[in-house]
Amino acid sequence: MVAWIKVSSSSQTILTTHQYVITNDSRISLSYNDHRSWYLHIREVKEDDRGWYICQVNTEPITSQSMYLQVLVPPKIMEDMTSNDVVVREMTDVTLHCRAVGYPEPYVMWRRGDGYDFIYNGEKVNVVDGEKLQFRKISRLHMGTYYCIAQNSILPPANKKISLIVHFPPILHVPNQLVGASLNQQVTLHCISEAYPKSINYWTRENGEMIMPESKYEVIYKHDMYTTNMIVNINAVSSSDFGTYTCVSINPLGNTDGVIKLYVMDDEIAQLNSTSTATKCRLDTLAASLLCILSEVYKITKRYLLTSTSH
């Protein structure tokens, strides 16, 4: 008679004896061929089925053969031991954890969700090995999604996406603080805001009046993850448009602003001065006014030529 026995570290369990299945596990079945070949079948193998099995014949002495069943298990992320989405202030230390199980033991690594390289411990890397991803004095450049990936050559691999959000107050960069323009041309003013949570952004004139989109002003905000390009296009510049413009950025952590000076180009100075002189020269007759304007223009031109010669 032939019996199949499951051996564990603490006990032995008889599964079958001769033609009968003894165990209550419905996944176990038995087949044989002319009472010479005996087969133990296990359906829907589980990790607990891993271990030693003995085929035993009740001869005198007993004859037996042992075999080991290895159960391969694809990786699985342990949610209760793995980090969830994280929100931190800039310049703090952050550690993300990822724990995976499977057989063979899974290999764990980290990648950015966008696939780009990132700075880790002072080096540019694309992959970080291990169950921990540690950032010292984290910066906004680290913000994004990260994938914890576990694999052990048994498909499918496992992964979990973790969002890393870095909060910081607004910072403004003004590419050109002085912008020159001529009358009737279109001019563009540009500020770049960095902030998270995303900032509220707007423009004002020097009198504090907020610039609203209209036919005169085209106001554009282009948002990225934590960057906003603030753009104002001024159509058909007139003399009243010259002056100071302020870009403002505000979020719950603070606020800041940047200043841009829009000035008249050199070839417009004479025209503006002539206009100003015309205002002064409101005399009784048109002819007298023209003479006054010509006189002032002559003085300005002469002064400009003398200044240029001296340089």
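As the structure is a prediction and not an experimental result, all values here were calculated from the model.

A count of helices and strands for the protein chain gives 2 helices and 25 strands. For the protein chain, the residues scored as buried account for 35% of the 311 residues in total. At a minimum sequence separation of 6, the contacts of the protein chain that also span at least 24 residues come to 54%. Accessible area for the protein chain stands at about 19,300 Å²; split by element, carbon and sulfur atoms hold 53% of it.

Its location among the elements puts Thr 145 in strand β17 (residues 144–151). Judged by relative accessible area, which is 27%, Thr 145 ranks as partly exposed. Measuring from C-alpha to C-alpha, the distance between Thr 145 and Gly 115 comes to 9.9 Å, with 30 residues separating the pair along the chain.

Counting 27 residues, the largest nonpolar core has Trp 110, Leu 133, Phe 135 and Leu 164 as its most contacted members. Per-element tally for this core: the top contributor is strand β18 (residues 158–173), with 5 residues. When sequence neighbours within four positions are dropped, the list of residues in contact with Leu 164 reads Val 86, Val 88, Val 94, Phe 135, Ile 138, His 142, Met 143, Gly 144 and Tyr 146. The next biggest cluster of nonpolar side chains, apart from the first, holds 22 residues, and it includes Val 179, Leu 189, Val 232 and Ile 260.

What follows is about the confidence of the model for the protein chain. Within the protein chain, residue pLDDT values average 88, and 85% of them lie at 70 or more. Between residues 272–280, whose pLDDT stays under 50, and residues either more than four places distant or in other chains, the model counts 8 contacts. A low-confidence stretch, residues 307–311 (pLDDT under 50), is modelled with 0 contacts involving residues beyond four sequence positions or located in other chains.

Moving on: the packing of aromatic side chains. Considering all chains together, one arrives at 8 aromatic pairs under this definition. Look at Tyr 120 and Phe 135: their rings are 5.8 Å apart centre to centre, the planes differ by 85 degrees, and that puts the pair in the edge-to-face class. Here Tyr 120 is found in strand β13 (residues 118–120), whereas its partner Phe 135 is found in strand β16 (residues 132–135), with 15 residues between them in sequence. Comparing Tyr 120 with Phe 135, the two get one shared label, buried. Ring pairs connect the aromatic residues Phe 118, Tyr 120, Phe 135 and Tyr 146, which therefore count as one cluster. It is Arg 50 that lies over the ring of Tyr 103; its NZ or CZ is 4.3 Å from the centre. Looking at Arg 140, its charged tip hangs above the ring of Phe 168, at a distance of 3.9 Å from the centre.

We now examine the pattern of salt bridges. Overall, the coordinates contain 11 salt bridges when judged by the stated rule. One salt bridge in this structure joins Arg 27 and Asp 49, with 2.8 Å as the shortest N-O distance. Note that Arg 27 is positioned in the loop between β3 (20–21) and β4 (28–33) and Asp 49 in the loop between β5 (37–42) and β6 (51–57), a separation of 22 residues in sequence. Two residues, Arg 112 and Asp 114, come together in a salt bridge whose shortest N-O distance is 3.1 Å. Assessed through its relative accessible area of 38%, Asp 114 is described here as partly exposed. Each of Asp 25, Arg 27 and Asp 49 takes part in one network of salt bridges that share partners.

Moving on, we get to the sheet that holds strand β19 (residues 178–181). Two pairing modes exist for strands in a sheet, parallel and antiparallel, and in both the strands are linked by backbone hydrogen bonds. Strand order across the open sheet formed by 4 strands is β19-β25-β24-β21, with mixed pairing between neighbours. Edge positions in the open sheet fall to β19 and β21 (200–205), since each of these has one partner strand only. Here the strands of the sheet are splayed against their neighbours by 25 degrees on average, with no regard to which way each runs.

With respect to topology, 5 strands assemble into an open sheet ordered β3-β2-β1-β6-β7, the strand pairing being antiparallel. The open sheet is flanked by β3 and β7 (63–69), the only strands paired with a single partner. In this structure, strand β1 (residues 2–7) lies alongside β6, joined through 6 bridges in antiparallel fashion. Each residue of the ladder has a partner; that of Val 2, found in β6, is Val 57.

A contiguous nonpolar surface patch, about 330 Å² in accessible area, is contributed by Ile 14, Tyr 20 and Ile 22. Among the secondary structure elements, Tyr 20 is positioned in strand β3.

Across all of its chains, the model carries 2 disulfides by this definition. Residue pairing for Cys 191: its cysteine sulfur links by disulfide to Cys 247, the two sulfurs lying 2.1 Å apart. The chirality of the disulfide connecting Cys 191 with Cys 247 is left-handed, given an S-S dihedral of about -75 degrees. Here the residue Cys 191 occupies a position in strand β20 (residues 187–196), and Cys 247 occupies one in strand β24 (residues 243–251), the gap between them amounting to 56 residues. As far as burial versus exposure is concerned, Cys 191 and Cys 247 are alike and both buried.

Cut-offs applied
- Residues numbered from 1 in each chain as written.
- Predicted model: local features only at pLDDT ≥ 70, side-chain atom pairs only at ≥ 80, totals over all residues.
- Heavy atoms only, no water.
- Helix = DSSP H or I, 4+ residues; strand = E, 2+ residues; numbered from the N terminus.
- Buried < 20%, exposed > 50% of the residue type's maximum accessible area, 1.4 Å probe, protein only.
- Contact = heavy atoms within 4.5 Å.
- Areas by Shrake-Rupley, 256 points an atom, 1.4 Å probe, with all protein chains shown as cover.
- Core = buried A, V, L, I, M, F, W, Y, C linked by side-chain atoms within 4.5 Å.
- pLDDT = per-residue confidence, 0-100.
- Phe/Tyr/Trp six-rings, centres within 6.5 Å; stacked < 30°, edge-to-face > 60°.
- Lys NZ or Arg CZ within 6 Å of the ring centre and 35° of its normal.
- Salt bridge = Lys/Arg side-chain N within 4 Å of Asp/Glu carboxyl O.
- Pairing = 2+ DSSP bridges.
- Axes fitted to C-alpha atoms, helices over the stretch in contact; angles between N-to-C directions.
- Patch = residues over 30% accessible without salt bridge, like charges linked within 9 Å, V, L, I, M, F, W, Y side chains within 5 Å.
- Disulfide = S-S within 2.5 Å.

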